[in-house]
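# Close look at the chain arrangement
What follows is the residue order along each chain.
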Amino acid sequence: MKIEEKLTRLRELMKENGFSAYIIPTDDFHSSEYVGSYFKAREYMSGFTGSAGTLVVLQDRAALWTDGRYFLQAARQLQDSTIELMRSGQPDVPKIEEYLHDNLAEQAVIGFDGRTVTKRFVETVREKTDAKQISFDGSKDLVDVVWTDRPPLSREPVWELDVKYAGKGRADKIQEVRAKMQEEKADQLLVTALDEIAWLFNLRGGDIAYTPVFLSYLLLTKEQITLFAHAEIFPAQLSEKLTQEGVTIKPYEEIEQAVSAIPAGTKVWLDSGAVNYRLTQRVPENVEILDQASPIV
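First, a word on what this report is: a plain description of the structure on this page.

### Considerations on helix α4 (residues 96-103)
- Those residues of α4 that sit buried are I96, E97, Y99 and L100. Taken down its axis, α4 places every buried residue within 160° of arc, on the same side.
- Buried residues along α4 sit in contact with β1 (21-24), β2 (54-58), β3 (62-66), β4 (83-87), β5 (109-112) and α5 (119-129).

In structure tokens form, the structure reads like this:
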């Protein structure tokens, strides 16, 4: 399919779902700087292959924002695509939230895959568009419908980094993180950043090219360590070792269910600039959120 055909199909889906705009960022479900093949939705829909950029599609126009590293490349790759290049940071170039405010009617609905944007990003757009009573729907991955031959989620094997290279064992690291949680009176810590999880567990993977991380989420409490990842990526010996150390491995897809089940009165530490929007929406209303940078950082 040509880019114009992909955009036409996306707009049909937007119309079916009542979306006046649809946002397609570069990020995966973990706000990673670089992403695996499954997550290259913005590249698939625009033809732009740079590592940073956000595509915004409206019914009558589309625009892509990227930074100065990619102005020449983006101009070349977007040629004849009907997508307007927005050179971020340049004079008279609107920010995404300004563009949406200026080009959407009152009470319009903005759609996106809520796993690929952060709560902080959504709040930035909300603040700018609030006067128009614009609403948001992060429940649908429309690109997945358009992208019929999409690659599967990566499931590369995980391996352990020896403590002589890591400098400190994971038990010691976890103890330090729990001490920080205690200082902040946090009952649970939700971590989605892949590099933080890899560092904490002294584990490495291959789900992103040239970046030794593996797709996973972490919920840490005072008593439990739950790692959400594809079970088959852990060699049997490593899996057994982690179990003996008190680490429970649950299916990658069950993170939303786990967050939804956090008990009332719990204080959860998460970073809304890193945790994806859909996960933050799953946190029950009667749960207190401590919104600040992860103690792992």
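### Focus on the nonpolar core
- By size, the foremost hydrophobic cluster in this structure holds 27 residues, and its most contacted members are L10, Y22, I24, M45 and I83.
- Residue assignment for this core shows that the elements contributing at least two residues are α1 (3-17), β1, α2 (41-46), β2, β3, β4 and α6 (142-146).
- Counting residues per element, this core draws most heavily on α1, at five residues.
- Not counting chain neighbours up to four residues away, the residues in contact with L10 comprise Y22, I24, M45, V57, L142 and V146.
- Among the nonpolar cores identified, the runner-up in size contains 25 residues, and V191, L220, I233 and L238 belong to it.

### Re the sheet that holds β4
- A sheet is described by the order of its strands in space; here six strands give the open sequence β4-β3-β2-β1-β5-β6, paired in mixed fashion. Taken across any chain shown, the strands that pair with only one partner, and hence form the sheet edges, are β4 and β6 (135-137). Looking at each pair of strands side by side, their axes are set apart by 20° on average, direction ignored.
- Sheet topology note: the β5/β6 ladder contains three bridges and is parallel. Paired with V109 across the bridge in β6 is S135.
- Against the sheet, α1 touches β1, β2, β3 and β4, its axis set at about 60° to β2.
- Where α5 meets the sheet, its contacts fall on β1, β5 and β6, and the angle it forms with β6 comes to roughly 155°.

### Thoughts on the packing of aromatic side chains
- Counting across every chain of the model gives ten aromatic pairs.
- Taken together, F29, Y38 and F39 form an aromatic cluster joined through their ring pairs.
- Seen from the ring of F71, R87 lies directly overhead, with NZ or CZ sitting 6.0 Å from the centre.
- The ring of Y38 is capped by R150, whose NZ or CZ atom sits 3.9 Å from the centre of that ring.

### Some points on the side chain of T266
- Checked against the element boundaries, T266 lands in the loop between α11 (255-260) and β13 (267-270).
- A polar contact of 2.7 Å, which involves the side chain of T266, links it to the backbone oxygen of P263.
- If sequence neighbours within four positions are ignored, T266 has contacts with D187, Q188, V287 and E288.

### Overview of the pattern of salt bridges
- Taken as a whole, this structure holds 19 salt bridges when the rule is applied.
- For D141, the salt bridge identified is with R150, shortest N-O distance 2.9 Å. Here D141 matches R150 in class, with each residue buried.
- Between R170 and E160 there is a salt bridge; the shortest N-O distance is 2.8 Å. Of this pair, R170 sits in helix α8 (residues 170-183) while E160 sits in strand β7 (residues 159-160), placing them ten residues apart in sequence.
- On the accessibility criterion, R170 (6% relative accessible area) is buried.
- Taking the relative accessible area as the measure of exposure, E160 reaches 32% and is therefore partly exposed.

What counts, and at which threshold
Numbering of residues begins from 1 in every chain and follows the order in which that chain's sequence is written. Residue-level local features of this predicted model are given only where pLDDT is at least 70; pairs of side-chain atoms are given and counted only at 80 or more, and the full residue set underlies all totals for whole chains, interfaces and linings. Each side-chain value is worked out from all heavy atoms of the structure, with water and hydrogens disregarded. Buried residues are those whose accessible area, probed at 1.4 Å on protein chains only, stays under 20% of the maximum for their type, while exposed residues exceed 50% and partly exposed ones sit between those limits. A run of H or I in DSSP becomes a helix once it reaches four residues, and a run of E becomes a strand once it reaches two; helices and strands are each numbered from the N terminus. Directions are taken from the helix axis to each C-beta atom, and the arc is the one they span. We call two residues contacting when some pair of their heavy atoms lies within 4.5 Å. Take the buried residues of types Ala, Val, Leu, Ile, Met, Phe, Trp, Tyr and Cys, join any two whose side-chain atoms come within 4.5 Å, and each joined set is a nonpolar core. When DSSP locates at least two bridges between a pair of strands, those strands are taken to pair. Here, axes are lines fitted to C-alpha atoms. For helices the fit covers the stretch in contact, and angles between N-to-C directions go from 0 to 180 degrees. For Phe, Tyr and Trp, where Trp contributes only its six-membered ring, two rings pair if their centres lie within 6.5 Å, and the inter-plane angle classes them as stacked under 30 degrees, edge-to-face over 60, or tilted in between. Here, over-ring charges are defined by two tests on the NZ atom of lysine or the CZ atom of arginine: distance to the ring centre within 6 Å, and angle to the ring normal within 35 degrees. Polar contact criterion, stated in full: a pair of N or O atoms within 3.5 Å, where within protein one must be able to donate a hydrogen and the other to accept it, and residues adjacent in sequence count only if both atoms are side-chain atoms. By definition here, a salt bridge exists when the distance from a side-chain nitrogen of Lys or Arg to a carboxyl oxygen of Asp or Glu is within 4 Å.

In short, shape yes, function no, at least from these values alone.
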